Amino acid sequence: MTSESDRWYDDAAGPVVRPYAMTRGRTSHAADAKIDLIALVVTRHEIGDDAALDDHSLSPEHLDIVERCQLQALSVAELAADLDLPVGVVRVLVGDLLEGSHVQIHKPVPPAELPDESILREVIAGLRAL
Amino acid sequence: MAFARSDRRTPPAAEPVALKLLVAGGFGVGKTTLVGAVSEIRPLRTEEALSELGRPVDDTEGVESKRTTTVAMDFGRITLNENLVLYLFGTPGQDRFWFLWDELAQGALGAVVLADTRRLEDCFAAVDYFERRGIPFTVAVNCFDGARVHDPENVRDALDLDEGVPVVLCDARDRDSAKTVLIAVVEHAAKVAEDRRQPAAT
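Residues numbered from 1 in each chain as written. Chains lettered and ligands numbered in written order. Predicted model: local features only at pLDDT ≥ 70, side-chain atom pairs only at ≥ 80, totals over all residues.

Caption draft 1: Spatial organisation of the environment of Arg91 of chain A. Residue and element names in this part refer to chain A. The topology assignment puts Arg91 in helix 4 (residues 87-99). With 28 C-beta atoms packed within 10 Å, Arg91 lands in the buried category. Distance in space between the C-alpha atoms of Arg91 and Ser28 is 7.4 Å, their sequence separation being 63 residues. (Helix = DSSP H or I, 4+ residues; strand = E, 2+ residues; numbered from the N terminus. Buried ≥ 20, exposed ≤ 12 C-beta atoms within 10 Å, placed from the backbone.)

Caption draft 2: How the structure looks around the sheet that holds strand 1 (residues 40-43) of chain A. Residue and element names in this part refer to chain A. Taking strand neighbours across the sheet as the criterion, the 3 strands line up as 2-1-3 in an open arrangement whose pairing is antiparallel. The open sheet has two edge strands with one neighbour each: strand 2 (74-75) and strand 3 (103-106). The sheet contact formed by strand 1 and strand 2 spans 2 bridges and is antiparallel. By the bridge assignment for strand 2, Val41 is matched with Leu74. Sheet strands in contact with helix 2 (residues 60-71) are strand 1, strand 2 and strand 3, and its direction is about 95° off that of strand 1. (Pairing = 2+ DSSP bridges. Contact = placed C-beta atoms within 7 Å. Axes fitted to C-alpha atoms, helices over the stretch in contact; angles between N-to-C directions.)

Caption draft 3: Structural detail: helix 5 (residues 175-197) of chain B. Taking 1.5 Å as the rise per residue, helix 5 of chain B with 23 residues should run 33 Å; its terminal C-alpha atoms sit 33 Å apart, in good agreement. All of the buried residues in helix 5 of chain B are Ala178, Val181, Leu182, Ala184, Val185, Val186, Ala189 and Ala190 of chain B. Turning to helix 5 of chain B, the residues buried within the fold contact helix 5 (117-128) of chain A together with strand 1 (17-25), helix 1 (31-38), strand 5 (110-115), strand 6 (137-142) and strand 7 (167-170) of chain B. (Expected span 1.5 Å × (residues − 1).)

Here it is, written out as structure tokens:
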């Protein structure tokens, strides 16, 4: 017996397009090994530049990323949350954009260099100023 | 060369740098609350497939060596200045997912272990994890309404923490309190880094 409350509507029913359909089934990307969860993505085109629109290999999701990263640098994690896509899908999409020179990526500080004194001081100062 | 400010996004002078802190602790201890108290965005949730490579169990040989599990993560963002962004990641509360966090822990500046004195044992796994991996962490006791306030030193003893590990009391809902916790973590990380640079003379 199916009661009304057992049915799934709207968001609860899951995405209409399965996430990895947007990557044409790819779960990884050649460039993707380097794309960290907090790697910052910045669009290379300025606002009003239609270079990304002219690239017909790009999907609406690609263009979403290009548009969002025009205003500010966004991490892969933020993009995934904003676009409501799994991180794995965003990694593939960003990899495509990187390959097409639509975005650039700022990698996080390598773990070995992390405890850099000046960075830590800057973080503490930044937090105090909040 | 100087550029006039315009409405168009001018490329920042220096490369933006992203850093991360982890917020760990038992289920329902207030991790997402703490992230939300300081984050400039409401805590976001995303799903990540993490590999089970580091899983500390005896896998039967012949079974595929790498599997992935999807875990939901809560995180927040603090823009410290034009070129410095700090991300806070709340680790999932369930202990059984701890082995998944190696990927996220890699490159973390430090960690907060949020503790509830009524269920102190819930944070043992997190303390153990960061101790073993040498990730600088600070224990923050979330002072829940109605819970007896404990002396931080008693908490230190109960958790058998090293001398240097800071223990602070906090209210995870309060922005200033959460800020103080994060500052304690980074200051501790700075101290640990300094100690490592100057190894004790033998």
